[in-house]
Amino acid sequence: MYDGDIASTLVTEQAIRDKIAELAAQIGADYASEQAESDLLLVGVLKGAVMFMTDLARALPLPVQLEFMAVSSYGSATSSSGVVRILKDLDRDIAGRHVLIVEDIIDSGLTLSWLLKNLESRQPASLQVVTLLRKPDAVKVDVPVKYVGFDIPNEFVVGYGLDYAERYRDLPFIGTLDPAVYA
Ligand code: PRP
Ligand code: MN
Ligand code: MG
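Just so it is clear, the structure is predicted and the values come from calculations on it, not from any experiment. (Residues numbered from 1 in each chain as written. Chains lettered and ligands numbered in written order. Predicted model: local features only at pLDDT ≥ 70, side-chain atom pairs only at ≥ 80, totals over all residues.)

### Remarks on the site of ligand 1
Note the threshold: For each residue, a C-beta atom is placed from the backbone, and the residue is labelled near a molecule or strand when this atom is within 6 Å of it. Only DSSP runs of H or I with at least four residues qualify as helices, and only runs of E with at least two residues qualify as strands; both kinds are numbered from the N terminus onward. Here the nonpolar group is Ala, Val, Leu, Ile, Met, Phe, Trp, Tyr, Cys and Pro; Asp, Glu, Lys and Arg are the charged ones; every other residue, Gly included, is treated as polar.
Around ligand 1, the surrounding shell holds 16 residues, and the nearest of these are Lys-47, Gly-48, Asp-107, Ser-108 and Thr-111. For the shell around ligand 1, the elements supplying multiple residues, two or more each, are β2 (40–46), β5 (98–106) and α3 (110–120). Across the shell around ligand 1, the residue classes tally to six nonpolar, five polar and five charged.

### Description of helix α2 (residues 50–59)
Heads up, the condition is: Put simply, a residue is buried when 20 or more other C-beta atoms lie within 10 Å of its own C-beta and exposed when 12 or fewer do; between those, it is partly exposed, and each C-beta is set from the backbone. By definition, residue pairs are in contact when their C-beta atoms, positioned from the backbone, come within 7 Å.
Three or more residues of α2 are buried, namely Met-51, Phe-52, Met-53 and Leu-56. Looking at the buried residues of α2, the elements they touch are α1 (13–30), β2, β5 and β6 (126–134).

### Overview of the environment of Gly-96
Take Gly-96: it is sitting in the loop between β4 (84–88) and β5. Residue classification places Gly-96 among the partly exposed residues on the basis of 13 C-beta atoms within 10 Å.

### Points about the confidence of the model for the protein
Counted only if it meets this: Scored from 0 to 100, pLDDT reflects the predictor's confidence in each residue.
When pLDDT is averaged along the protein, the result is 94; 96% of the residues meet or exceed 70. Interface confidence for the predicted complex, expressed as ipTM, amounts to 0.98; the pTM equals 0.95.

### Quick look at the pairing of β4
Here is the rule we go by: Should DSSP find at least two bridges between two strands, the strands are regarded as paired.
With respect to burial, β4 is a largely exposed element, only zero of its five residues being buried. The pairing of strand β3 (residues 64–73) with β4 spans four bridges and is antiparallel. Counted as the bridge partner of Ala-70 is Lys-88 from β4.

### Considering the sheet that holds β4
To keep it simple, the criterion reads: For helices, the fitted axis covers only the stretch in contact; all axes are lines through C-alpha atoms, and the angles between them, taken along N-to-C directions, range from 0 to 180 degrees.
The strand order across the open sheet built from six strands is β4-β3-β2-β5-β6-β7, with neighbouring strands paired in mixed fashion. On the outer flanks of this sheet lie β4 and β7 (147–151), each paired with one strand and no other. Strand-to-strand twist of the sheet, defined as the mean angle between neighbouring strand axes without regard to direction, takes the value 30°.

### Things to note about the environment of Glu-67
Looking at the element boundaries, Glu-67 is found in strand β3. According to the C-beta neighbour criterion, Glu-67 is partly exposed, with 18 such atoms within 10 Å. Along the chain, Glu-67 and Val-45 lie 22 residues apart, while their C-alpha atoms are 8.9 Å from each other.

### Some thoughts on the sheet that holds strand β1 (residues 6–11)
Think of a sheet as strands paired side by side through backbone hydrogen bonds, with each pair either parallel or antiparallel. A sheet is described by the order of its strands in space; here three strands give the open sequence β1-β9-β8, paired in antiparallel fashion. Among the strands making up the open sheet, the edge pair consists of β1 and β8 (157–158).

Written out as structure tokens, the structure is:
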């Protein structure tokens, strides 16, 4: 698939699987007592988080409910502006719920920083973030991220939900894109 477009494999299918098992055990332990109040609510950020969201939900040892949001940054396509527009909002109220935002990657951190403020204003019982990948720039903005799968170098990565121009989301692993593809 995508012959020649992928320069290298950054995170293998097996490494993703192992990391999700690890995160699920940790999250399961952390939310064991909250479970008595209500089911944990996973909020996936479309579209990148879809693969991670579905695999994580199935690996978690407690019941979860699934919600999705779609957001888009205003401004240029190449750099996040930090101004975010809601394309699809949550279907229900999250007041009093234990909410875990599920992201595939935190790059500049601007999307997440906006999302945290937005969801916090809806008064959830708790609000945390799990991301499969995080890039170095993300640590420069103050986004509290409780669960991080992998810290990765500042390279253009695709696969397992991550796209370049909507392609490569269907790859089962995470790889770096050959610069010739976007040159
Ligand atoms: C990507 C990624 C994160 C966000 C991270 O989504 O899935 O949601 O960008 O970038 P940031 O930390 O710099 O804000 P994108 O907007 O490309 O939409 P997609 O998930 O549909 O691909
Ligand atoms: Mn996204
Ligand atoms: Mg994208």
